[in-house]
Amino acid sequence: MNLSFRFARRIRPYVTEALRSAAWHAAQGEPALAFAHLERAHVLGQVSTLEHARVHWAMLCWALSHNDVAEALGQTWRLAGAWLKTWLWVPVGNTGGADVSGFRPMPIAPDLQQLIDAARR
């Protein structure tokens, strides 16, 4: 099995868990915590084109539901980029929000790195 497909299959449950946490916090009226979980989902899924795009779609939906025009615009181009260039290069650790450059690598939290490493094995 192709390593990228294997990784995508293995990382998906962790991305899904982060997206569910984001939805739960959003439902509790905690938008900042919801977005923090979206950022965690982004770090986990950014190497998989499908997961990367899925997270940017969730971030775009978050932005639209909060009338955050800057975030929505940023997510629109990031969503296109996720579909078009994930297979070429991603800035490792980037949290995916419009408040940071889409090209900036960032440190990965140790708990997320453990999940990524486990998915790569």
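What you see is a predicted model, and the numbers here were worked out from it, not measured in a lab.

1. Comments concerning the pattern of salt bridges
On inspection of all chains with the given rule, the structure shows 3 salt bridges. For the salt bridge of aspartate 111 with arginine 40, the shortest nitrogen-to-oxygen distance reads 2.6 Å. Of this pair, aspartate 111 sits in helix H5 (residues 110-120) while arginine 40 sits in helix H2 (residues 31-45); the two residues are 71 residues apart in sequence, bridging distant segments of the chain. On the basis of relative accessible area, aspartate 111 is assigned to the partly exposed category, the value being 35%. A salt bridge links arginine 54 to glutamate 51; the shortest N-O distance between them is 2.7 Å. Taken as a pair, arginine 54 and glutamate 51 lie in helix H3 (residues 49-65) at a separation of 3 residues, close to a single helical turn. The partly exposed category is assigned to arginine 54, whose relative accessible area is 24%. Accessibility expressed as a relative area gives 2% for glutamate 51, which makes it buried. Connected through salt bridges with shared partners, the residues Arg12, Glu51 and Arg54 form a single ionic network.

2. Quick look at the packing of aromatic side chains
Counted by the stated rule, this structure contains 3 aromatic pairs. Here a set of aromatic residues connected by ring pairs shows up, and it is made of Trp77, Trp89 and Phe103.

3. Topic: a nonpolar patch on the surface
Side chains of Trp77, Trp87, Leu88, Trp89 and Phe103 sit close together on the surface and give an oily, nonpolar patch of about 650 Å² of accessible area. With respect to the helices and strands, phenylalanine 103 occurs in the loop between helix H4 (69-85) and H5.

4. Brief notes about the layout of surface pockets
By volume, the largest pocket amounts to about 240 Å³. Lining the largest pocket, in full, are Ser4, Phe5, Ala8, Arg9, Arg12, Val47, Ser48, Thr49, Leu50, Glu51, Thr86 and Trp87. Of all the elements in the fold, those that place two or more residues in the lining of the largest pocket are helix H1 (3-27) and H3. For the lining of the largest pocket, the leading source of residues is H1, giving 5 residues. Split by residue class, the lining of the largest pocket holds 5 nonpolar, 4 polar and 3 charged.

5. Section: the packing of H2 against H3
Put simply, H2 and H3 touch, their axes get as near as 8 Å, and they point 165 degrees apart. When the axis of H2 is compared with that of H3, the two are roughly antiparallel. Both H2 and H3 take part in a crossing whose hand is left-handed. Contacts from Pro31, Ala34, Phe35, Leu38, Glu39, Ala41, His42 and Gly45 in H2 reach Glu51, His52, Val55, His56, Ala58, Met59 and Trp62 in H3. Broken down by class, the residue content of the contact of H2 with H3 amounts to 9 nonpolar, 4 polar and 2 charged.

Scoring rules and cut-offs
Residues numbered from 1 in each chain as written. Predicted model: local features only at pLDDT ≥ 70, side-chain atom pairs only at ≥ 80, totals over all residues. Heavy atoms only, no water. Salt bridge = Lys/Arg side-chain N within 4 Å of Asp/Glu carboxyl O. Helix = DSSP H or I, 4+ residues; strand = E, 2+ residues; numbered from the N terminus. Buried < 20%, exposed > 50% of the residue type's maximum accessible area, 1.4 Å probe, protein only. Phe/Tyr/Trp six-rings, centres within 6.5 Å; stacked < 30°, edge-to-face > 60°. Patch = residues over 30% accessible without salt bridge, like charges linked within 9 Å, V, L, I, M, F, W, Y side chains within 5 Å. Areas by Shrake-Rupley, 256 points an atom, 1.4 Å probe, with all protein chains shown as cover. 1 Å grid on protein atoms, 1.4 Å probe; cavity = no way out; pocket = protein on both sides within 12 Å on 5 of 7 lines; lining within 4 Å. Points joined across faces, edges and corners; volume = space filled by probe spheres on them. Nonpolar A, V, L, I, M, F, W, Y, C, P; charged D, E, K, R; others polar. Axes fitted to C-alpha atoms, helices over the stretch in contact; angles between N-to-C directions. Parallel < 35°, antiparallel > 145°, perpendicular 65-115°, else oblique. Left-handed = near helix turned anticlockwise from the far one by under 90°. Contact = heavy atoms within 4.5 Å.

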